[in-house]
Amino acid sequence: MAVGLDNRLLFATELILMQLLSVSSQGKKMEHKGKIWGTYVLPEYRGHGIGRKLLDEIISRSKRIEGICQVNLGVITFNEAAMKLYESYGFKSYGLEINSMKHNGTYFDEQLMTYHFYEP
């Protein structure tokens, strides 16, 4: 696990990949947000709390990044286990991106979610 100078947190093993990226490069108006993307746990390791432990760590670390007060993510709508994990952690849905991803000619919708460290 590493914290880069540009506020990137990258976690990678053969089991999982999760990255939090500060979006401050989008300008002052957006520097309060972080984004989790590229999250994956291999099927044989699911159901053992790996995702929750990693989420605990990334939220803890992101709270220590100056200026970050919320974290956003998107989850494909058919991934009910992931949505339940994020909801149980306190993430709230704020929108739906229709046809967010395309794989092998098939489009997938993405539920947009946010977690606020402090009430806005």
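Located above this text is the structure these notes cover.
These numbers were taken from a predicted model, which means no experiment stands behind them.

A short note on the packing of aromatic side chains
By the definition in use, this model includes six aromatic pairs. Ring-pair connections join several aromatic residues into one group, and the members of that group are Tyr-86, Tyr-89, Phe-91, Tyr-115 and Phe-117.

A closer look at unusual backbone geometry
What is expected of a backbone is that most residues other than glycine have negative phi and most peptide bonds are trans. One non-glycine residue, Asn-99, lies in positive phi territory at about 55 degrees. Within the secondary structure, Asn-99 is located in strand β6 (residues 92-103). The exposure class assigned to Asn-99 is partly exposed, which follows from its relative accessible area of 42%.

Quick notes on the side chain of Ser-62
In this fold, Ser-62 is placed in helix α1 (residues 50-63). The class of Ser-62 is buried, set by a relative accessible area of 0%. Among the polar contacts made by the side chain of Ser-62, one reaches the main-chain carbonyl oxygen of Ile-59 at a distance of 2.9 Å.

Thoughts on the layout of surface pockets
Reported here for the largest pocket is a volume of approximately 790 Å³. For the largest pocket, the lining is made up of 28 residues, of which Thr-39, Tyr-40, Asn-79, Ala-82 and Tyr-86 are closest to its centre. Residue assignment for the lining of the largest pocket shows that the elements contributing at least two residues are β4 (33-41), α1, β5 (70-76) and α2 (80-89). Per-element tally for the lining of the largest pocket: the top contributor is β4, with seven residues.

Rules behind the numbers
Residues numbered from 1 in each chain as written. Predicted model: local features only at pLDDT ≥ 70, side-chain atom pairs only at ≥ 80, totals over all residues. Heavy atoms only, no water. Phe/Tyr/Trp six-rings, centres within 6.5 Å; stacked < 30°, edge-to-face > 60°. Helix = DSSP H or I, 4+ residues; strand = E, 2+ residues; numbered from the N terminus. Buried < 20%, exposed > 50% of the residue type's maximum accessible area, 1.4 Å probe, protein only. Polar contact = N/O pair within 3.5 Å; in protein donor to acceptor, adjacent residues only side chain to side chain. 1 Å grid on protein atoms, 1.4 Å probe; cavity = no way out; pocket = protein on both sides within 12 Å on 5 of 7 lines; lining within 4 Å. Points joined across faces, edges and corners; volume = space filled by probe spheres on them.

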